[in-house]
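The lines below spell out each chain.
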Amino acid sequence: AAAGLCPYRALLARRGGALRAFCGSVRGLAAGPETHFGFQRVTEAERREKIYRVFESVAKKYDVMNDSMTLGIHRVWKDILVHKMNPSPGTLLLDVAGGTGDIAFRFINYVRSVQERQLQRKLRHHQNLSWQEIAESYQEDKSKSLGDSQVVVCDINKEMLKVGKQKAQHLGYSEGLSWVLGNAEELPFDDDKFDVYTIAFGIRNVTRIDLALQEAYRVLKPGGRFLCLEFSQVSNSLLSRLYDLYSFQVIPVLGEVIAGDWKSYQYLVESIRRFPPQEEFKAMIEDAGFFKVDYQNLNSGIVAIHSGFKL
């Protein structure tokens, strides 16, 4: 009888193994598809949580570390981005993953400068005005220094936004500036709302880059412009080797010394290596619906500015 039961036991064992395998696959689906966190393999949910913790950890030292890691050159790269944007008074900008306000403050400064030049040209063409009339006109236009321009800073991380707001208060930025907690993959804004969308050193930390690009397209007005500043693939082989040496041997050490956080900066270095090279990212932007997509390499491709238009 025992011998007769063996085939049934074997059948049950096989069914049990199949059931366990099925349950395991269901649990895998529940956890979400796999992706990468630096050089680690993780689920999408795990990646989002880990990245949130990284930026929560580095928020207070973020600006200091940017200066240390890039020897201050990140400031020049951001200036180039805003000059490429060339915003005019009245421009409505969405800066995504811009928690500490670097792009927003540059945008405000740039628009104020344009407005100031326009005001000076206007007054030069009115030579017959009295001194009092010139002063009154100057004060009236000066009070509208942004010319209805607005910049909305959107970031998923509360700590980064907190740092940005503190900087804005300290530096005296208030007019034309607002802060919104939001996810690049699911933006809390209406369709066709913004003239320009920028994201600087943020898109490689987005779990689903394709969704972020689709959202950028959705919220831009027809004729609106997408601009992305991001670390990219170095074209010079010698510089590439030196850059790798600096990235992996120096930057995590700086993170430990300045921010007390080796792991976060190790991830940031690894995330750069996992980001698509220029041509591949260009194709992704085109797949999202953008036209006239191109890119400009800076410092031999250490970073690149990608640009596209919604038509």
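Let me sum up the structure you'll find in this document. Note that the structure is a prediction, hence the values are computed from the model and not measured.

### Considering the packing of aromatic side chains
For the structure shown, the criterion picks out 9 aromatic pairs. Pairing Trp77 with Phe201 gives two aromatic rings, centres 6.2 Å apart and planes at 55°, and the pair type is tilted. Of the two residues, Trp77 sits in helix α4 (residues 73–85) while Phe201 sits in the loop between β6 (194–200) and α8 (209–219), which places them 124 residues apart along the sequence. Ring geometry for Trp77 versus Phe231: centroids 6.1 Å apart, planes at 90°, classification edge-to-face. Of the two residues, Trp77 is situated in helix α4 and Phe231 in strand β7 (residues 220–231); the sequence distance between them amounts to 154 residues. Overall, the relative accessible area of 4% leaves Trp77 in the buried class. Three or more aromatic residues joined by ring pairs make a cluster, and in this case those are Tyr197, Tyr217, Phe226 and Phe290. Looking at Lys193, its charged tip hangs above the ring of Phe194, at a distance of 5.8 Å from the centre. We note Arg273 situated over the ring of Tyr243; from NZ or CZ to the ring centre the distance is 4.8 Å.

### Things to note about the pairing of strand β9 (residues 303–309)
Regular strands place side chains that alternate from one sheet face to the opposite one. Burial within β9 is extensive, with 6 of its 7 residues counted as buried. Pairing of β7 with β9, which is carried by 7 bridges, proceeds in the antiparallel orientation. Counterpart to Cys228 in the pairing with β9 is His306. Examined bridge by bridge, strand β8 (residues 291–298) and β9 share 6 bridges and lie antiparallel to one another. In the strand pairing of β9, Gln296 is matched with Ile305.

### Looking at a nonpolar patch on the surface
A surface patch of nonpolar side chains, amounting to about 280 Å² of accessible area, comprises Leu71, Ile73 and Val76. The topology assignment puts Val76 in helix α4.

### A few points about the pattern of salt bridges
In this structure the tally under the stated criterion is 13 salt bridges. When the shortest N-O distance is used, the salt bridge between Asp102 and Lys78 registers 2.6 Å. Highlighted residues: Asp102 in helix α5 (residues 102–124) and Lys78 in helix α4, separated in sequence by 24 residues. The two residues Asp102 and Lys78 agree in class, both being buried. Of the charged contacts, one joins Asp210 and Arg208 as a salt bridge, the two residues approaching to 2.8 Å between their closest N and O atoms. On the basis of relative accessible area, Asp210 is assigned to the partly exposed category, the value being 31%. Its relative accessible area of 28% is what places Arg208 among the partly exposed residues. Sharing partners across several salt bridges, the network here consists of Asp63, Lys78, Asp102 and Lys167.

### Topic: the nonpolar core
Grouped together as the largest cluster of nonpolar side chains are 34 residues, with contacts concentrated most on Trp77, Leu177, Leu229, Phe231 and Val303. Counting residues per element, the ones that place at least two in this core are α4, α5, β4 (150–155), α7 (158–171), β5 (177–181), β6, β7 and β9. Element by element, the count of residues in this core is highest for α5, at 8 residues. If we skip the residues at most four places from it in the chain, Trp77 touches Thr70, Phe201, Leu229, Phe231, Leu298, Asn299, Ile302 and Val303. If you look at the next biggest cluster of nonpolar residues, it comprises 27 residues, including Leu92, Ala216, Phe226 and Cys228.

### Overview of helix α12 (residues 278–287)
Counting along an α-helix, one turn takes 3.6 residues, and residues three or four places apart therefore face a common direction. Considered for burial, the residues of α12 that qualify are Gln278, Phe281 and Ile285. One side of α12 carries all its buried residues, which in axial view fall inside an arc of 70°. In α12, the exposed residues that point more than 90 degrees away from the buried face are Glu279 and Asp287. Here the buried face of α12 lies against α8, β7, β8 and β9. Phi for Gly289, located one or two positions after α12, is positive at around 115°.

### Describing empty space enclosed by the protein
For the structure shown, the criterion picks out 1 cavity of 30 Å³ or more. Its boundaries defined by the atoms lining it, the largest cavity holds a volume of some 110 Å³. Along the walls of the largest cavity sit 13 residues, with Tyr62, Ala97, Gly98, Thr100 and Ala200 positioned nearest its centre. Tallied by class, residues from the lining of the largest cavity come to 6 nonpolar, 4 polar and 3 charged.

Rules behind the numbers
- Residues numbered from 1 in each chain as written.
- Predicted model: local features only at pLDDT ≥ 70, side-chain atom pairs only at ≥ 80, totals over all residues.
- Heavy atoms only, no water.
- Phe/Tyr/Trp six-rings, centres within 6.5 Å; stacked < 30°, edge-to-face > 60°.
- Helix = DSSP H or I, 4+ residues; strand = E, 2+ residues; numbered from the N terminus.
- Buried < 20%, exposed > 50% of the residue type's maximum accessible area, 1.4 Å probe, protein only.
- Lys NZ or Arg CZ within 6 Å of the ring centre and 35° of its normal.
- Pairing = 2+ DSSP bridges.
- Patch = residues over 30% accessible without salt bridge, like charges linked within 9 Å, V, L, I, M, F, W, Y side chains within 5 Å.
- Areas by Shrake-Rupley, 256 points an atom, 1.4 Å probe, with all protein chains shown as cover.
- Salt bridge = Lys/Arg side-chain N within 4 Å of Asp/Glu carboxyl O.
- Core = buried A, V, L, I, M, F, W, Y, C linked by side-chain atoms within 4.5 Å.
- Contact = heavy atoms within 4.5 Å.
- Arc of directions from axis to C-beta.
- 1 Å grid on protein atoms, 1.4 Å probe; cavity = no way out; pocket = protein on both sides within 12 Å on 5 of 7 lines; lining within 4 Å.
- Points joined across faces, edges and corners; volume = space filled by probe spheres on them.
- Nonpolar A, V, L, I, M, F, W, Y, C, P; charged D, E, K, R; others polar.

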